[in-house]
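Residues per chain are reported as follows:
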Amino acid sequence: MNMRIGELGKLTACQPETIRFYEQKGLLPPPVRSDANYRLYDAAHAERLHFIRRCRALGMSLDEVQILLDFHDEPDRPCGGVNELVDQHLDQVDRQIAELTTLRTELSQLRAKCGSTRPAASCEILKQLSEPAAVQETADSSR
């Protein structure tokens, strides 16, 4: 089954530019070319592109995807490195969750400063955002 880039894109919900980018990065093998010099992809390209897209949907970097593809391409290789990569990625996600939780708390505290609509000149949120961070930390710690 040979398909052109647009057909592969539709099959995998991936833009042609992204497919070409993955080819340039070496994540997808180069396709054969037709007599008219069109790229012709097969089922293996579609399967690999689905794999890449799933990894990207899980927030993995291109380097992480490449590592996983290397394991995928060597099915007899022990998968300890896969487990290690996923563990590292989980740690990164946990750090991001902690940072977002802190951010949410800060935004909630900021939002609590202004309980009603008033002129912007007397908006406590705008006043807080205008203060240098060190001043805010000192004011917050003295409360």
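Refer to the structure printed above.
Residues numbered from 1 in each chain as written. Predicted model: local features only at pLDDT ≥ 70, side-chain atom pairs only at ≥ 80, totals over all residues. Heavy atoms only, no water.

Some remarks on the overall build of the protein chain
Each helix and strand in the protein chain was counted, giving seven helices and two strands. Mapped from its N terminus to its C terminus, the protein chain presents α and β elements in the order α-α-β-β-α-α-α-α-α. Radius of gyration (C-alpha) of the protein chain: 25 Å, far over the 15 Å computed for a compact globule of 143 residues. Per-residue burial over the protein chain gives 23% buried out of 143 residues. Looking at the protein chain as shown, the accessible area adds up to about 10100 Å², and 54% of this sits on carbon and sulfur atoms. Computed over 18 positive and 22 negative side-chain charges, the inter-centroid distance for the protein chain is 10 Å. (Helix = DSSP H or I, 4+ residues; strand = E, 2+ residues; numbered from the N terminus. Rg over C-alpha atoms; globule rule 2.2 N^0.38 Å. Buried < 20%, exposed > 50% of the residue type's maximum accessible area, 1.4 Å probe, protein only. Areas by Shrake-Rupley, 256 points an atom, 1.4 Å probe, with all protein chains shown as cover. Lys, Arg positive; Asp, Glu negative; His and termini not counted. Charge placed at Lys NZ, Arg CZ, Asp CG, Glu CD.)

Side note on the nonpolar core
Counting 18 residues, the largest nonpolar core has Leu8, Ile19, Tyr22, Leu49, Ile52 and Val65 as its most contacted members. Secondary structure elements with two or more residues in this core: α1 (5–12), α2 (16–24), α3 (43–57) and α4 (62–73). Per element, the largest residue contribution to this core is four residues, and it comes from α3. When near neighbours in sequence (up to four residues on either side) are disregarded, Ile52 contacts Tyr22, Leu27, Leu28, Val65 and Leu69. (Core = buried A, V, L, I, M, F, W, Y, C linked by side-chain atoms within 4.5 Å. Contact = heavy atoms within 4.5 Å.)

Let's talk about unusual backbone geometry
Residue Ala13 is not a glycine yet carries a positive backbone phi of 55°. Phi at Asn37 is positive, roughly 70°, even though this residue is not glycine.

Observations regarding α4
With twelve residues, α4 should reach 16 Å at 1.5 Å per residue; the first-to-last C-alpha distance of 16 Å fits that figure. Within α4, burial applies to Glu64, Val65, Leu68, Leu69 and Phe71. In a view along the axis of α4, the buried residues occupy a sector of 160°, so they form one face of it. Of the surrounding secondary structure, the elements contacted by the buried residues of α4 are α3 and α5 (80–112). (Expected span 1.5 Å × (residues − 1). Arc of directions from axis to C-beta.)

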